[in-house]
Amino acid sequence: MLFLLSGCQNAEGQADTTELKLAHNQTLDHPVHLSLVEFGRLVEEKSEGNIQVKIFPNGQLGSEREVIELTQTGAIDVTKVSASALEGFASDYSVFSLPYVFKDYETFKKVMNNQKVTDNLYYQTEDMGFIGLTYYNAGTRNLYTKNREVRDVTDMKGLKVRVQPSQTSVQMIESLGGIPTAMAYGEVYTALQSGVIDAAENNETALVGNNHGEVAKYYMYTGHQIVPDMVIMNANTLHNLTAKQQDIIHEAAEKSTLYHEDVWAKSIAEQTKIAKDEMDVKFIEVDKDPFIQAVQPLHKRYSSNEETKDIYRLVQEAILGE
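Residues numbered from 1 in each chain as written. Predicted model: local features only at pLDDT ≥ 70, side-chain atom pairs only at ≥ 80, totals over all residues. Heavy atoms only, no water.

**Overview of the pairing of strand β3 (residues 51–56)**
Then, in step 1: With 6 of 6 residues buried, β3 is to be regarded as a mostly interior element.
Then, in step 2: Residues of β3 alternate between two faces, with Ile51, Val53 and Ile55 on one and Gln52, Lys54 and Phe56 on the opposite face, all of them buried.
Then, in step 3: Pairing of strand β2 (residues 18–23) with β3, which is carried by 6 bridges, proceeds in the parallel orientation. Residue pairing for β3: Leu20 is matched across the bridge by Val53.
Then, in step 4: Where the polypeptide runs from β2 across helix α1 (residues 31–46) and back to β3, its parallel neighbour, the crossover connection is right-handed. (Buried < 20%, exposed > 50% of the residue type's maximum accessible area, 1.4 Å probe, protein only. Helix = DSSP H or I, 4+ residues; strand = E, 2+ residues; numbered from the N terminus. Pairing = 2+ DSSP bridges. Right-handed = clockwise from strand over helix to strand, strands pointing away.)

See the structure below:
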């Protein structure tokens, strides 16, 4: 538990502060935690101590779904969750699970800096009790396997791959010829080790931070998904602040995203080097074109589905600069 607090008193000497409870599921040394600490520091500094942030890391207050629900009720004020965890609350968030919707990270940033897209995402859950404040880079998701190189989409045939509990992710692996297996992230190491699964997909930090590089020796740069972390806030908590305080929250969130870009890039570089040098993981570049072609039926379904066609159109317009 980390307290980002400093005493603040009003003219009568009484405490006159608003405390925000913030929860996330990462460790104290993870880039997400460091960025949320920066968010809290900026909020306290800009509000002259009138708003203070108390952080609960390491999943202390529950799973991602649980902290989303707690944020809905106001038991938690702010939380960080994966965009994939928000799919069950707003279907538009499933756009991030759609494989190869973004050509690369620069394309992704272009979309996330488009106000039409972010207003649509951030505020569509307001009636549910929370809104989005900002996003954090959670890396590009790539495939890694226990003992099998994957250089072409044909190598995916029959491969048992762990996926997040996202229907879009399940359909992605099926489209590529693999066998999707949805399971909790904490079970991946043992499942790879025992052969329950042949592969998983995530960014490079999984290899070192969760020791998956001990049992998975091939990491393929498939670049199939860019699923961000989202920082969300209870709507009533935000609206009950003054207009100036709300501006402080939004500005601190935006600046923490820029801060996060740097700490994330450093972390990826460090952990990739450790995986190569100390864990003997082989990193492999692949031709993405066959993978992209294999998932086009998913794009067609997504772009015509009544629930998802509008966000798909907004994303494509943002990519084209329209």
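**Description of the nonpolar core**
Then, in step 1: In this structure, Tyr93, Phe96 and Met156 are the most contacted members of the largest nonpolar core, which totals 54 residues.
Then, in step 2: With 5 residues, helix α12 (residues 309–320) is the single largest residue contributor to this core.
Then, in step 3: When residues of this core are sorted by domain, at least three fall in each of domain 1 (2–93 + 103–138 + 227–268) and domain 2 (141–226 + 270–320).
Then, in step 4: Setting aside chain neighbours within four positions, we find Phe96 in contact with Ala83, Phe102, Phe108, Met112, Leu121, Gln225, Ile226, Val227 and Pro228.
Then, in step 5: Counting 22 residues, the second largest nonpolar core, distinct from the first, contains Leu36, Val43, Ile55 and Ile249. (Core = buried A, V, L, I, M, F, W, Y, C linked by side-chain atoms within 4.5 Å. Domains from an automatic or database assignment. Contact = heavy atoms within 4.5 Å.)

**Some details on empty space enclosed by the protein**
If you roll a probe as big as a water molecule over the atoms, it shows you where there is empty space left.
Then, in step 1: Summed over the entire model, instances satisfying the criterion amount to 3 cavities of 30 Å³ or more.
Then, in step 2: Taken as a whole, the largest cavity spans an internal volume of roughly 50 Å³.
Then, in step 3: Those elements that place two or more of their residues in the lining of the largest cavity are α5 (167–175) and β10 (218–225).
Then, in step 4: Its residues placed into classes, the lining of the largest cavity shows 6 nonpolar, 2 polar and 1 charged.
Then, in step 5: Here the second largest cavity is characterised by a volume of approximately 40 Å³.
Then, in step 6: Considering the residues around the second largest cavity, the lining is formed by Ala23, His24, Asn25, Gly59, Gln60, Leu61, Gly62, Glu64, Val67 and Lys80.
Then, in step 7: Classifying every residue of the lining of the second largest cavity by side-chain character gives 3 nonpolar, 5 polar and 2 charged. (1 Å grid on protein atoms, 1.4 Å probe; cavity = no way out; pocket = protein on both sides within 12 Å on 5 of 7 lines; lining within 4 Å. Points joined across faces, edges and corners; volume = space filled by probe spheres on them. Nonpolar A, V, L, I, M, F, W, Y, C, P; charged D, E, K, R; others polar.)

**Overview of the domain arrangement of the chain**
Then, in step 1: In terms of domains, the chain is made up of domain 1 (2–93 + 103–138 + 227–268) and domain 2 (141–226 + 270–320).
Then, in step 2: Inter-centroid distance (C-alpha atoms) of domain 1 to domain 2 is 27 Å.
Then, in step 3: With 23 residues of domain 1 at the interface, the matching set in domain 2 holds 21 residues.
Then, in step 4: Across the domain 1/domain 2 interface, buried area totals approximately 1,800 Å², and carbon plus sulfur atoms make up 56% of it.
Then, in step 5: The tally of links from domain 1 across to domain 2 stands at 0 salt bridges.
Then, in step 6: For the interface between domain 1 and domain 2, the tally reads 10 residue pairs in polar contact (both at pLDDT 80 or more).
Then, in step 7: Among the elements that make up the side of domain 1 that touches domain 2, the one with the highest residue count is helix α3 (residues 105–112) (5 residues).
Then, in step 8: When its residues are assigned to classes, the side of domain 1 that touches domain 2 shows 10 nonpolar, 7 polar and 6 charged. (Buried area = accessible area lost by both parts, 1.4 Å probe. Salt bridge = Lys/Arg side-chain N within 4 Å of Asp/Glu carboxyl O. Polar contact = N/O pair within 3.5 Å; in protein donor to acceptor, adjacent residues only side chain to side chain.)

**As for the environment of Leu258**
Then, in step 1: Along the chain, Leu258 falls in helix α9 (residues 243–279).
Then, in step 2: Note on Leu258: relative accessible area 58%, which makes it exposed.
Then, in step 3: The spacing of Leu258 and Leu70 is 188 residues in sequence and 27 Å in space, taken between C-alpha atoms.

**Considerations on the pattern of salt bridges**
Then, in step 1: Scanning the model with the defined rule gives 13 salt bridges in all.
Then, in step 2: As a salt-bridge pair, Glu106 and Lys109 come within 3.9 Å of each other at their nearest N and O atoms. With Glu106 and Lys109 both in helix α3 and 3 residues apart, this pair spans about one turn of that helix.
Then, in step 3: Here Lys109 falls in the partly exposed class, since its relative accessible area comes to 23%.
Then, in step 4: The partner of Glu306 in a salt bridge is Lys309, with the nearest N and O atoms 3.1 Å apart.
Then, in step 5: Residues participating in the shared-partner salt-bridge network are Glu38, Arg41 and Glu45.

**So, the environment of Val315**
Then, in step 1: Counting through the fold element by element, Val315 comes out in helix α12.
Then, in step 2: In this structure, the C-alpha to C-alpha distance between Val315 and Asp229, residues 86 residues apart in sequence, is 18 Å.
Then, in step 3: Once residues within four sequence positions are removed from consideration, Val315 is found in contact with Val95, Val101, Phe102, Val111 and Val117.

**Side note on the packing of α1 against α9**
Then, in step 1: Contact geometry for α1 and α9: axes closest at 8 Å, N-to-C directions at 150°. One way to sum up the angle between α1 and α9 is to call them roughly antiparallel. Pair α1 / α9 crosses with right-handed handedness. Along the contact surface, α1 presents Pro31, Val32, Leu34, Ser35, Glu38, Phe39, Leu42, Val43 and Lys46, while α9 presents Ile248, Ile249, Glu251, Ala252, Ala253, Lys255, Ser256, Tyr259, His260, Val263, Trp264 and Ser267. (Axes fitted to C-alpha atoms, helices over the stretch in contact; angles between N-to-C directions. Parallel < 35°, antiparallel > 145°, perpendicular 65-115°, else oblique. Left-handed = near helix turned anticlockwise from the far one by under 90°.)

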